[in-house]
Every structure is written in structure tokens, then in C-alpha cells.
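# Chain and residue survey
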Amino acid sequence: MAMANRLFLPLATIIATVIFTVLGVSAATYNVKSLGAKPDGRTDSTKAFMAAWLGACGSTKAATVYVPRGRFMVGGLRFTGPCKNGAIRVQIDGTLVAPSNYFVLGNGKFWLLFHGVQGVTIAGGTLDAQGAGLWACKSSGSRNCPDGATSLAIFNSRDVVVYGVSSINSQMFHIAVNGCSNVKVVGANVVAPWNSPNTDGIHVQLSTGVSILNSKISTGDDCVSIGPGATNLWIEGVACGPGHGISIGSLGKDLNEQGVRNVTVKRVTFKGTENGLRIKAWARPSNGFVNGVLFQNAVMTNVENPIVIDQNYCPGSKNCPRQVSGVKISNVRYQDVHGTSATKVAVKFDCSKKNPCRGITMQDVNLSFKNQLPAAAYCVNAGGTTSGVMKPTSCF
Ligand SMILES: *[C@@H]1O[C@H](CO)[C@@H](O)[C@H](O)[C@H]1NC(C)=O
Ligand SMILES: *[C@@H]1O[C@H](CO)[C@@H](O)[C@H](O)[C@H]1NC(C)=O
């Protein structure tokens, strides 16, 4: 049987290749360089990239947009569907560089936007948004800075894979997934300085069935941020730091808001981050909720707030009547979380007095303060149970 398979598989491949070649059903390739893009890092290649996308999207058979090695300067790219085929690969072997004038992208919200597509794989390559100029503008306190663009945005799409993409120095978020189903981000490598403003690594909201796997995120804001309406989200094998950690929220800014349900975060590490595993909600009226979260197997190294639920978020103490959060938080499980806290309070549950956190379970949590000193836990309006090792001592 094994022998037969060994003979059969190569034979099947050859036959398939012959059939595909004869019928001409192999993928059509749209090479940006053949369409006029220049790999010199200076010449605006936006039009060539858009021509490649229009070709691939309009193809009735599987198609590839190919970006060879080299640095290609491109402005805002809009990869809009629906397309005539459901198997498009955007293969990037080179680097995309943003225009050095940050206003070109900065008022447009997105650098690369995939909108309304289905069956798209974005593979490889580096997106260099050159965000430093905009960050400097923002930190100078000038009022003339644009908000900035998300480097790679996947909106209103389904069945999308982002594989092995590097994003460096985004103006705002590096990667954002919004209004999608079945999106996988695998092997992402995200880099920006610890003090770069609003450079969230991967943001997910209003989406179901998103997974973020085996990725490394060093940035100035949240490593992964999870917004309203994220359901069936799976995060596994992610290394964070520096940055602000993995955060569900901020939630509950709006009165009417979709909830966050069924989130799994496992095998994650945090090094020198501001937070580890965080849930954060505005102290404002809202019908939002968080239900069903599993945080499993997390290692903290010198993290300021390793485990934190904060329902008192209200920057500038404005528009938070009575400072009460309407977000209902329930069924949150922490399992096998260990390492070191950079502050004494390693576990903090600061929940809403109107909607206390319910059903928190902690199992095998072992966090110390600066390696050997005992850490502390702090609870307000929070209830739950513990089992196994529980360091610091539970505050339920
Ligand atoms: C929770 O989400 C995972 C994917 O992250 C999915 O496999 C599982 O079926 C979901 N569970 C429920 C009860 O919907
Ligand atoms: C908790 O972690 C410390 C430091 O890694 C370790 O020395 C200690 O044995 C652990 N305690 C338990 C009960 O697992």
C-alpha cells in the first residue's frame, strides 16, 4: 500500500500538471515589474500594482499578483472585490515602501486595503510604512498631523490568509481585520519602537473565525487588540514585547455595541510589556459584553500588569457619567500563567460596580514580583474560583 502510494502520488502530480498545462488552467501571473513597477524605492509604482490587482481580480481562473525582490514605493493600494475567481495569491518577495511624505497615506486611513474579497492569500514580503515622520509630528504636539494609515487592512472579506508578512514602522495599526470571517494571520513579524504611538500590532473586530498564529510582535501599542464583535477568535504562539500586551478592548465606548465571545489565547509570551493579558472597558453605559475567554499557557517576563481587567477606563475623565461600565464580563479562564511582574500587583480585577465580573477561574497561576518577591492580587467587584497553584494569593 505504502509502495503503491509512493508511485501513485508523483504520477498523479505529473498527470495533473500535464492536464493543467494542456487546458491552460494554471494560475495567471501578473508581475508588477512587467506592468511598470520600478524596484528602486523611489519611483511611484502604485499604478502598476493596481493594474496587477485588476488583472488578477478580473481573471476567471486562479491568479497571482507577483512582487519580485527590490523596494517598490507605493501609495494607497485598494484591492477591492468581488473578483471573478476565488483563488488569488499576492506573493511579495520584495519590500513595499510608503512615500516619505506622510501626508500621502496619512489622511487615507489605509495603506494596503483588501475590501470585499474572498479566497485571497497574501504571502511574504515586508511593508515598510516609514512611520517615524508622522510619530514625530504627533509627539511635537502639532495640530497638523494626519491620523495615519493602517498598513494592511482586511475589511468585509472572507477566507483570507496572511502568511509570513513583515510590517515595520506602521503609521497607525500594522494589521487590522474588520467585518471578516475565516481570516488566518500566520507567521507575521511586526516591528516598531516601543514609544511609537497607536502602532497596534494586529487589531480584530466585528469578525468571526479569525486566527493569529506563530507571530512575533514588537511595537508601541497593543500587541493584539480585540474590538467589539470579535467572536471565535484563536490566538496561539504569539511572542509580544515591547508593547502593551494582548488586549480585549477598549470595549463599551458606545451604548450599542456587539459583544466579544469565545476567544482563546494560548502559548503566548510577553517580555517587558506594559500589560500581559488584559480586558479593558470604558466606564460608560454600554450593552457590550465579554463572554467565554480562555487564556492558557502564558509566560510573563518583567510585565507591568500581567493579568488585568480594568473597567474604569476614562481618559481625561470626560463623558463617563458616574464612572460605571455597562460591559458584562463573564467566564474568563486563566490557566498556567507564570513568570514575573514588574510591579507588585500582578493580578488586578477592577470591575464595574453595576456589572461585577462573574465566573473568573484561575488555575496554576504563579507570578512573582521581580523574580522572587511575593506579588499581590487586587479585586474590586470580581468573583471567581481558583485551583492548583495560586500565586499571588487569590483576592476573590
Ligand atoms: C470557539 O472558537 C473556535 C475557533 O476559535 C471554534 O473552533 C469553536 O467551535 C468555537 N466554539 C463555539 C462554542 O462556538
Ligand atoms: C513558582 O515559580 C517560581 C519561579 O519560577 C518557582 O521557583 C516555584 O517553584 C513555582 N511555584 C510553584 C508552586 O510551582
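Residues numbered from 1 in each chain as written. Chains lettered and ligands numbered in written order. Predicted model: local features only at pLDDT ≥ 70, side-chain atom pairs only at ≥ 80, totals over all residues. Heavy atoms only, no water.

Under the defined criterion, the tally for this structure stands at one cavity of 30 Å³ or more. If you trace the largest cavity, you find it lined by Phe49, Val67, Leu77, Phe79, Val90, Ile92, Leu96, Leu112 and Phe114. Counting only elements with at least two residues in the lining of the largest cavity, the list comes to strand E5 (77–80), strand E6 (88–92) and strand E8 (110–115). Its residues assigned to classes, the lining of the largest cavity comprises nine nonpolar, no polar and no charged. (1 Å grid on protein atoms, 1.4 Å probe; cavity = no way out; pocket = protein on both sides within 12 Å on 5 of 7 lines; lining within 4 Å. Points joined across faces, edges and corners; volume = space filled by probe spheres on them. Helix = DSSP H or I, 4+ residues; strand = E, 2+ residues; numbered from the N terminus. Nonpolar A, V, L, I, M, F, W, Y, C, P; charged D, E, K, R; others polar.)

Turning next to the pairing of strand E11 (residues 150–155). The buried fraction of E11 amounts to six of the six residues, a majority that puts the element mostly inside the structure. In this structure, E11 lies alongside strand E14 (residues 175–178), joined through four bridges in parallel fashion. Considered in E14, the bridge of Ala153 is made with Ala176. (Buried < 20%, exposed > 50% of the residue type's maximum accessible area, 1.4 Å probe, protein only. Pairing = 2+ DSSP bridges.)

Turning to the state of the cysteines, a few remarks are in order. In total, this model carries six disulfides according to the counting rule given. Disulfide partner of Cys137: Cys145, at an S-S distance of 2.1 Å. Between Cys137 and Cys145, the S-S dihedral sits near -95°, and the bridge is therefore left-handed. Judged by relative accessible area, Cys137 falls into the buried class, the value being 10%. Each sulfur of the disulfide joining Cys351 and Cys357 lies 1.9 Å from the other. Sign of the S-S torsion, about -95° for the bond between Cys351 and Cys357, identifies this disulfide as left-handed. The exposure class of Cys357 is buried, given its relative accessible area of 2%. (Disulfide = S-S within 2.5 Å.)

Turning our eyes to something else, we now look at the site of ligand 1. For ligand 1, the full set of nearby residues is Asn232, Leu233, Trp234 and Asn262. Measuring from an oxygen atom of ligand 1, one finds a backbone N or O atom of Asn232 at 3.3 Å. Here an oxygen atom of ligand 1 and a side-chain polar atom of Asn262 are 2.3 Å apart. It is strand E20 (residues 230–240) that contributes the most residues to the shell around ligand 1, three residues altogether. Looking at side-chain class alone, the shell around ligand 1 contains two nonpolar, two polar and no charged residues. (Near = heavy atom within 4 Å. Polar contact = N/O pair within 3.5 Å; in protein donor to acceptor, adjacent residues only side chain to side chain.)

Another aspect to go through is the domain arrangement of the protein. When its domains are assigned, the protein resolves into domain 1 (1–208) and domain 2 (222–396). The centre of domain 1, based on its C-alpha atoms, is set 32 Å off from the matching centre of domain 2. Taken together, the contact pairs 11 residues of domain 1 with 14 residues of domain 2. Carbon and sulfur atoms make up 44% of the area that domain 1 and domain 2 hide from each other, which totals about 920 Å². Sorting the residues of domain 1 by area buried against domain 2 places Val204, Leu206 and Thr208 first, and these three jointly supply 42% of that buried surface. Counting across the domain 1 and domain 2 interface gives zero salt bridges. Counting across the domain 1 and domain 2 interface gives 13 residue pairs in polar contact (both at pLDDT 80 or more). Residue assignment for the side of domain 1 that touches domain 2 shows that the elements contributing at least two residues are strand E17 (202–205) and strand E18 (207–218). Residue contributions to the side of domain 1 that touches domain 2 peak at four residues, all from E17. (Domains from an automatic or database assignment. Contact = heavy atoms within 4.5 Å. Buried area = accessible area lost by both parts, 1.4 Å probe. Salt bridge = Lys/Arg side-chain N within 4 Å of Asp/Glu carboxyl O.)

Another aspect to go through is the side chain of Asn355. Relative to the elements of secondary structure, Asn355 occurs in the loop between strand E27 (345–350) and strand E28 (357–369). At 3.1 Å, the side chain of Asn355 forms a polar contact with the backbone oxygen of Ser325. Polar contacts involving the side chain of Asn355 include one to the main-chain carbonyl oxygen of Gly326, which spans 3.3 Å. Contact partners of Asn355, with chain neighbours within four places excluded, come to Gln311, Ser325, Gly326, Val327 and Lys328.

The geometry of two aromatic rings is summed up by the distance between their centres and the angle between their planes. This model, assessed by the stated rule, comprises 10 aromatic pairs. Consider the rings of Phe49 and Phe72, whose centres lie 5.8 Å apart with planes at 65°: the pair is edge-to-face. Here Phe72 lies in strand E4 (residues 71–73) and Phe49 lies in helix H2 (residues 46–58), a separation of 23 residues in the sequence. Classification of Phe49 as buried rests on a relative accessible area of 3%. Measuring from ring centre to ring centre gives 5.8 Å for Tyr334 and Phe349, while their planes differ by 45°; the resulting arrangement is tilted. Here Tyr334, found in strand E26 (residues 328–341), pairs with Phe349, found in strand E27; they are 15 residues apart in sequence, far enough to count as distant. Overall, the relative accessible area of 0% leaves Phe349 in the buried class. (Phe/Tyr/Trp six-rings, centres within 6.5 Å; stacked < 30°, edge-to-face > 60°.)

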